[in-house]
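Inside the fold
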Amino acid sequence: MKKFFAKVKDWFIAHKPSKRRLIQVYAALLYNAQIKGFFTGKIYTGDTKKVCVPGLNCYSCPGAVGACPLGALQDSLAQSRTTAPAYIFGILILFGLLLGRIICGFLCPFGLIQELLYKIRTPKLRKSRFTRILSYFKYVLLVIVIAIPIIYAGIPSFCKYICPAGTVEGAVSLLANIKNSDFYDMLGYLFTWKFCVLVAVVVASVFIYRFFCRFICPLGAIYSLFCKVSLLGVKLDKNKCIDCGLCIQGCKMDIKHVGDHECIQCGECISVCPVQAISWKGSKIFLRNTSPLAQPALAEGESEKIALLEIAKSNAETTVSAKPADAVEKISVAEETAEENVAEVTDGGKVKVKGERWQKIKAAFKRPRFVVEFVAWTLATVLLITALICYNLPDKGVAAVPAFTVTTYKSAVSEEGERYSTGDGNNVKILYFWRTDLEESVNGMEALNELATSHIGAVEVVAIHSIYKDQRNVQEFIDERGWDTYNLVFAQDDMDTNAYSLFGGDISVPKTVTAVISPNGALKKRYEGTPDTAELKQDIIAAQVGAVYGVGDYCPLFTLGVYNKEEGATYSVADSRGKVVVLNFWYTGCDPCKNELPEFESVYEEYAGEIDMTVIHNWSGVPTNGVQNFLDNNVDKNGRLWASYEFTYAQDEREIDVYSMLGGKGAFPMTVILDTDGKITFVKQGPCSDDELRSAIEAAKNK
C-alpha cells in the first residue's frame, strides 16, 4: 500500500502545474467568478460588467463578471463613429503599457483553452516561414475590426461573425442550459457559421500551438504593439547572448527574437538559455538583487564559444530547468541552517534533524523572492475567494408577509361570505385597514376605487375592516354608500387572523394602515393613514419589479418615456385598455430586431385604430449618441427612416426592467401581446413573422 501511495505522490509531483498554468487558471476563474450563472442560464449585468478584463473573455459568458476589451472596442467604435472612444482606447493602452503580451501568455482564458487542446497527443505542425507569414493576418484583421464599425455603424464585425471565444463561452454555454430553450428559435445561418468557425479553430488548435492567437486574434495584435515598451515582460541582454538559437528553437510561437511582437512573454525561454541572457523586465521594481549570478566573461577565442554552444545543446537535450541562481541559493540556505540544526538518532537508527521543517520555512522567509511570491499569492487567493463568494451568493430573498385568509363582503369583485387569501394570484395587492367609525378611512375609499378600476387585474385592493366595529352592520354600511359597486375586495379581520397586527397595527387603537404587497408576498411599503394616489401608483410600479409575468397573467402596469412624440411624453400600458396591445422589445444593435420591425409597422397600419403597438428599446443597449439620434439618422432595410414609423418608440428603464418582468431571458427581439383586458396572451422570444403576429393579434381580439 505504501508503494501505491508513493507512486501516486510521484505522479502528482511529475504532473504538478507550473506557476504560469496556475495563473492562467486563476485568471479564468476570476474573470468568470459568477459560477452560478452556468446553472441559472443568466449572464451577470451588474456594475463590474462595465469594466474590461485584460484577456479575451466574452461578455455573454454566464460566468463573466467583466467586459471583453475587444467587444467593447467594436461597440464603442460603432456608437461613436468619428469620435475616438477615449475610455476603451485608454484601457487598452494602459493594459499594453503595463503588461503587453504577458496578458496573452498568462491572463487570457481562451489562450488557456488552446494550450490544453494542444496537449492532446497527435502529430503537431511545427512553425515555419509559412506560419510566420500567416501570423501577420491578425494585423490585417485588426484593421478590418476597427474600420467596419466606423464605416457601418452598429456592426461589431469580429464578435458577430468570427470570435470563437464568444461562441464557446457565450452562445454554447447559454444554449447548454435547458432554461434557455427559448433561444433555440433564434438560431440561424449566422450561428451555424460561427459554430463552424469554432470547430475549425478547436481542431486546428489540437495540431497547431495557439492557432487562434498566432493567426487571428486582433486583441493580441493590439497588445503586440506594446511589447518593446511594456513595463513587464521578458528581455534579452545582447551582451551576454551567444546566439545559440535555443530560445527561438524552443519557442512554439513565430518569434524572430526574444520579446518581439509575436512573443507572448510566457518566460519558458528563460530556463533554456545557458548563459542567462534572458530575464524578466520589471523584476527590480519588486525585488532586490534578483539578477542572475554573474557569468564568466566570454573569451574571444572560438574554442570557448564552441564549448558554450555544446553546453547549451546538452542543456536542451536533458531539459535542465534548474537555474544556477536557485542552486546556489539553496546551498547558501543549507549552510546557514546546518549550524542551527541539531541531529539526533532515533530508535530505528535513522538520523532526524530537530525542527528541520521549521528551519526551512524560516530560511525561505529570509529570501525576498519567496516573500514577494507568498504575499502576492495570498492576496490573490483572498481576492478570488471574495469574488467567488460575492458573485455566487443567493439572490436576496424577500421579507415575505405570511399569507392569511379573511371572509369577504359583497362588492363588484367579491361575494358575501367567501374566503379570500392574500397568497392567491400573481399581482400587486394593496391592503387597506379601515373602520366604519374612522372617518379618515371612510373618506379614502373613493380614491382607492378609482385606483383599483384603472389597474383592474394587475392590482387588487383589499379593504379589510378592523376586528373592533361599532353597532352598525358592515355590509349594510357598504351598501348604503354604494360601495357594493366598487372594484374593491371588502373583507373582515378576526381575532384568529389578526391581520392588522401583521402590519404594525394595534387593534385597541383606531388607525388607518395601508400596505403594498408585491406578487411574491413581500411588504414593499407601509403607510399610516390614506396615502396619495400618485404615491400608490409609484409604489405599485416598484412592487412589480423583480416579479415575472407570463401568459394568463395580467400585464404589470408600467409607464415609460417615449421618443417619437412630443417632449416629455410617456407611454402607459394602462391607457391601452380596451385595445389589443403589441409590445416588442429590441435594441439598435440587434439585426434580427431591425429586420422584423418593417413588417410590424405594416401590420400596425393594417390594424389602424384597432391595436396599440409599442416598440420598447432595451435599457442596457442604448447607443452612445442616443436612440433618438439613431431614429433620426438611419433607415431600415427598405430605405425608410426609422423616425417616420407610426408605432410608439419607448425606452425601458433599468429600475423597472419591463423586459425581464415579461419573461425576457436575454433573447432579442421579444414580442408580447395583451388582450383588451390587459391579460398576456402571447409571448415569443426571437423573431416573429408577420403571419405569426397577425394570428396572435386575432387570437387576442377573440378572447
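Residues numbered from 1 in each chain as written. Predicted model: local features only at pLDDT ≥ 70, side-chain atom pairs only at ≥ 80, totals over all residues. Heavy atoms only, no water.

1. Examining unusual backbone geometry
Its identity is not glycine, yet Gln265 carries a phi of approximately 60°, on the positive side. For Gln265, the position within the fold is in the loop between helix H15 (246-250) and strand E2 (278-281). Accessibility expressed as a relative area gives 1% for Gln265, which makes it buried. Non-glycine residue Asn498 carries a positive phi angle of around 45°. Looking at the secondary structure, you find Asn498 in the loop between strand E9 (489-492) and helix H24 (499-502). (Helix = DSSP H or I, 4+ residues; strand = E, 2+ residues; numbered from the N terminus. Buried < 20%, exposed > 50% of the residue type's maximum accessible area, 1.4 Å probe, protein only.)

2. Structural notes on the state of the cysteines
Overall, the coordinates contain one disulfide when judged by the stated rule. In this model, Cys590 is linked to Cys593 through a disulfide, with the two sulfur atoms separated by 2.3 Å. Looking along the S-S bond of the Cys590-Cys593 disulfide, the torsion reads about 80°, which is the right-handed sense. For the pair shown, Cys590 and Cys593 are each scored as buried. In this structure Cys217 is not part of a disulfide, and its nearest cysteine sulfur, from Cys213, lies 5.9 Å away. By relative accessible area, which is 7% here, Cys217 ends up buried. Lacking any disulfide linkage, Cys244 is separated from the closest cysteine sulfur, that of Cys273, by 6.0 Å. The class of Cys244 is partly exposed, set by a relative accessible area of 22%. (Disulfide = S-S within 2.5 Å.)

3. Regarding the sheet that holds strand E5 (residues 405-408)
An order of E6-E5-E9-E8-E7-E10-E11 is seen for the seven strands of this open sheet, with the pairing classed as mixed. Looking at which strands have only one partner, the edges of the open sheet turn out to be strand E6 (419-421) and strand E11 (523-528). Strand-to-strand twist of the sheet, defined as the mean angle between neighbouring strand axes without regard to direction, takes the value 30°. The sheet contact formed by strand E10 (residues 513-517) and E11 spans five bridges and is antiparallel. The residue bridging Ile517 from the neighbouring strand is Leu523, located in E11. Contacting strand E7 (428-434), strand E8 (459-465), E10 and E11, helix H25 (residues 533-544) crosses the sheet at an angle of about 160° to E11. (Pairing = 2+ DSSP bridges. Axes fitted to C-alpha atoms, helices over the stretch in contact; angles between N-to-C directions. Contact = heavy atoms within 4.5 Å.)

4. Digging into the pairing of strand E12 (residues 559-562)
Regular strands show a simple pattern: their side chains alternate between the two faces of the sheet. Inspection of the sheet shows E12 paired to strand E13 (residues 570-572) by three bridges, in the antiparallel sense. Directly across from Thr559, in E13, lies its bridge partner Ser572. Note that E12 and strand E16 (residues 648-651) share two bridges and pair antiparallel. For Gly561, the partnering residue across the bridge sits in E16 and is Gln651.

5. Remarks on the confidence of the model for the protein
Residue-level pLDDT values for the protein average 84, and 87% of them are 70 or greater. For the stretch residues 319-348, pLDDT sits under 50, and the model shows 31 contacts to residues farther than four places along the chain or on other chains. (pLDDT = per-residue confidence, 0-100.)

6. Remarks on helix H26 (residues 591-606)
Over its 16 residues, H26 extends 24 Å from the first C-alpha to the last, a length consistent with the 22 Å expected when each residue adds 1.5 Å. Of all the bends in H26, the greatest reaches close to 30° and is centred on Leu597; the proline Pro598 follows between one and four positions later. Every buried residue of H26 is listed here: Cys593, Lys594, Glu596, Leu597, Pro598, Phe600, Glu601, Val603 and Tyr604. (Expected span 1.5 Å × (residues − 1). Bend = angle between axes of the 7 residues up to and from the residue.)

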